[in-house]
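Per-entry structural report
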Amino acid sequence: MRSLTESQRIFICFFVFGLLNNILYVIILSAAIDLVGSATPKAVVLLADILPALTIKLIAPFFIHLIPYISRIWTLVGLSTTGMILISLSSSGSIGTKLFGIILASLSCGLGELSFLQLTHYYDERQSIGGFSTGTGGAGLFGSFLFMLLTNVMGIPVWIVLLMFAIVPSGFAGIYFYYLPEQGQGIEYEEIVQELTDDEEDEIVIEMNSKYNVQYMITHIWTTINEIKPLVIPYMIPLMTVYFSEYLINQGISPTLLFPLEELPRWLFSSYRDIYVVYGFLYQLGVFISRSSISFGIRVRHLGKLSILQFINVLITLCQSLYDLPFGNIWLMVILIFFEGLLGGLSYVNTFVSVSEQVPKSKREFSMGCVSISDGIGIVLAGCVSLWLERALCRQQVSRDRDWCLTGGSL
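Residues numbered from 1 in each chain as written. Predicted model: local features only at pLDDT ≥ 70, side-chain atom pairs only at ≥ 80, totals over all residues. Heavy atoms only, no water.

An unreviewed UniProt entry lists the protein chain under the name Protein BTN1, with [Candida] subhashii given as the organism. Among the UniProt annotations of the protein chain, the heading Subcellular location (unreviewed entry) holds the following wording: "Endomembrane system". (UniProt positions renumbered as here; feature names shortened; annotations may be inferred.)

**Examining the environment of Leu 76**
With respect to the element layout, Leu 76 can be found in helix H4 (residues 69-89). You can call Leu 76 buried: its relative accessible area is 0%. Beyond its immediate sequence surroundings of up to four residues, Leu 76 is in contact with Ser 108, Leu 111, Gly 112, Phe 116 and Phe 172. (Helix = DSSP H or I, 4+ residues; strand = E, 2+ residues; numbered from the N terminus. Buried < 20%, exposed > 50% of the residue type's maximum accessible area, 1.4 Å probe, protein only. Contact = heavy atoms within 4.5 Å.)

**Brief notes about the nonpolar core**
Nonpolar side chains in soluble globular proteins generally cluster together in the buried interior. Membership of the largest hydrophobic core comes to 120 residues, with the highest contact counts inside it found for Phe 17, Tyr 25, Leu 35, Phe 165, Tyr 247 and Tyr 279. Here this core takes 14 residues from helix H1 (residues 6-30), the largest share from any one element. (Core = buried A, V, L, I, M, F, W, Y, C linked by side-chain atoms within 4.5 Å.)

**Comments concerning the environment of Ile 23**
Inspection of the secondary structure puts Ile 23 in helix H1. Beyond its immediate stretch of four places on either side in the chain, Ile 23 contacts Ala 139, Phe 142, Gly 143, Phe 165 and Val 168.

**Topic: the packing of helix H6 (residues 125-153) against helix H14 (residues 330-358)**
Across the interface, H6 lies against H14 with an axial gap of 10 Å and an inter-helix angle of 165°. The orientation of H6 with respect to H14, classified from their angle, is roughly antiparallel. As for how H6 packs across H14, the hand of that crossing is right-handed. For the pair formed by H6 and H14, the contact residues are Glu 125, Arg 126, Ile 129, Phe 132, Ser 133 and Thr 136 on the first element and Tyr 348, Val 349, Phe 352, Val 353, Ser 356 and Glu 357 on the second. (Axes fitted to C-alpha atoms, helices over the stretch in contact; angles between N-to-C directions. Parallel < 35°, antiparallel > 145°, perpendicular 65-115°, else oblique. Left-handed = near helix turned anticlockwise from the far one by under 90°.)

**Here we look at H6**
Compared with the 42 Å implied by 1.5 Å per residue over 29 residues, the 40 Å span of H6 between its first and last C-alpha is a close match. Among the 29 residues in H6, 23 count as buried, and that is most of the element. Among the residues trailing H6, Gly 155 stands out with phi positive, at a value near 75°. (Expected span 1.5 Å × (residues − 1).)

**Comments concerning the packing of H4 against helix H8 (residues 170-178)**
Packing of H4 against H8 leaves a shortest axis separation of 7 Å and a crossing angle of 155°. As far as their axial angle goes, H8 and H4 are roughly antiparallel. As H4 runs across H8, the sense of the crossing is left-handed. The residues of H8 that touch H4, namely those facing Tyr 69, Ile 70, Ile 73, Trp 74, Leu 76 and Val 77, are Ser 170, Phe 172, Ala 173, Tyr 176 and Phe 177. Classifying every residue of the contact of H4 with H8 by side-chain character gives 10 nonpolar, 1 polar and no charged. (Nonpolar A, V, L, I, M, F, W, Y, C, P; charged D, E, K, R; others polar.)

**So, the packing of aromatic side chains**
Evaluated as defined, the whole model comprises 13 aromatic pairs. Considering the side-chain rings of Tyr 243 and Tyr 247, the 6.0 Å spacing of their centres and the 15° angle between planes classify their relative orientation as stacked. Here Tyr 247 and Tyr 243 lie together in helix H11 (residues 214-253), a separation of 4 residues that amounts to about one turn. A centroid spacing of 5.4 Å and a plane angle of 15° characterise the contact between Tyr 272 and Trp 404, whose relative ring orientation is stacked. With Tyr 272 in helix H12 (residues 272-291) and Trp 404 in the segment after helix H16 (373-398), the pair connects residues that are 132 residues apart, well separated along the chain. Three or more aromatic residues joined by ring pairs form one cluster here, namely Phe 14, Phe 17, Phe 116, Tyr 123, Phe 132 and Phe 172. (Phe/Tyr/Trp six-rings, centres within 6.5 Å; stacked < 30°, edge-to-face > 60°.)

**Considerations on empty space enclosed by the protein**
All told, the structure shown has 4 cavities of 30 Å³ or more when counted by the stated rule. Reported here for the largest cavity is a volume of approximately 240 Å³. Along the walls of the largest cavity sit 21 residues, with Asn 22, Tyr 25, Tyr 243, Tyr 247 and Arg 291 positioned nearest its centre. Put simply, the parts of the chain that give the lining of the largest cavity at least two residues each are H1, helix H3 (43-59), helix H5 (95-119), H6, H11, H12 and H16. The greatest single-element share of the lining of the largest cavity, amounting to 4 residues, is contributed by H12. For the second largest cavity, the calculated volume is near 160 Å³. (1 Å grid on protein atoms, 1.4 Å probe; cavity = no way out; pocket = protein on both sides within 12 Å on 5 of 7 lines; lining within 4 Å. Points joined across faces, edges and corners; volume = space filled by probe spheres on them.)

Here you go:
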């Protein structure tokens, strides 16, 4: 990698950051039916996998600037590795232990996405954002495919697969310390002060000495909220609604989008649990392709249209679950799931590129972190609705003598 140009190194480093940061999130969601079984809504795993990440994103704008990137990297490694070990080794334990491991991995994912999006501010933003977005899409594709291959096709126990992924987070440190160009590393207060005049330095010292003053903190909170407000309508709401729709499909509806096993190829579908895993892979394939689109110059500027299209997908999948219409076989359904992933990836990457193009440079690092809250809010709302929706749809299917949704996997 040392022989590559700096732009190429930036793209590759941020690609790996995105890949490593999101792959555990994808693996956990792919294993949702194995972690909690058929009796528990899969949205329980979704909420445990996203609520901690959303929480860290919500509170981070008020303090994250005080934490050096080096400290953040080691925190990511510790949280995610510990989380995956707990999940994998609690195969015979309670769901609570598994959920605690998921929470640790989720905290790592939220802190990682926030930090790496902010870190793009210090590099060529087209290369860094494009690399990170492509990497997060690649995490979905690689993670879901590998999980499907190892469990559906090769038959490796799920807990062993999860333990294998516990070593993945160590890659954060390797890439950050050995390959990432140095201009964005270890940004500290002392480095900023060196570039200031004596008067400016005195003002900052006075401000830092007053940081624990109650009035200062109140003012800081309201100032931060006011800086967030201009981001809500153009960026945050479109991204939030797209993610609400797609995760409503993924966690609340897709576990009930089932077809007779005798009509499906046995090498891929040996149980109804396998259908859920295949849906997850095809969704992630769509996400990977569309998140990579910015690297090929493809731009979507009307973010609201993506929200409308994704909501139409919700209506179609609801009709399929309730009435077995409009699709008579699984192959048309997998095309829709793939299209759903395309829309989600397009919304994600084009939202952050729009922020980088339209927000003043002085506010760009802050804005990147704030807008990253949006997808988490949409996912949490979808998870809350899915806790009820999956069970309601399953009960309706059972009343029609289609009890396939009652079957599931386990570790």
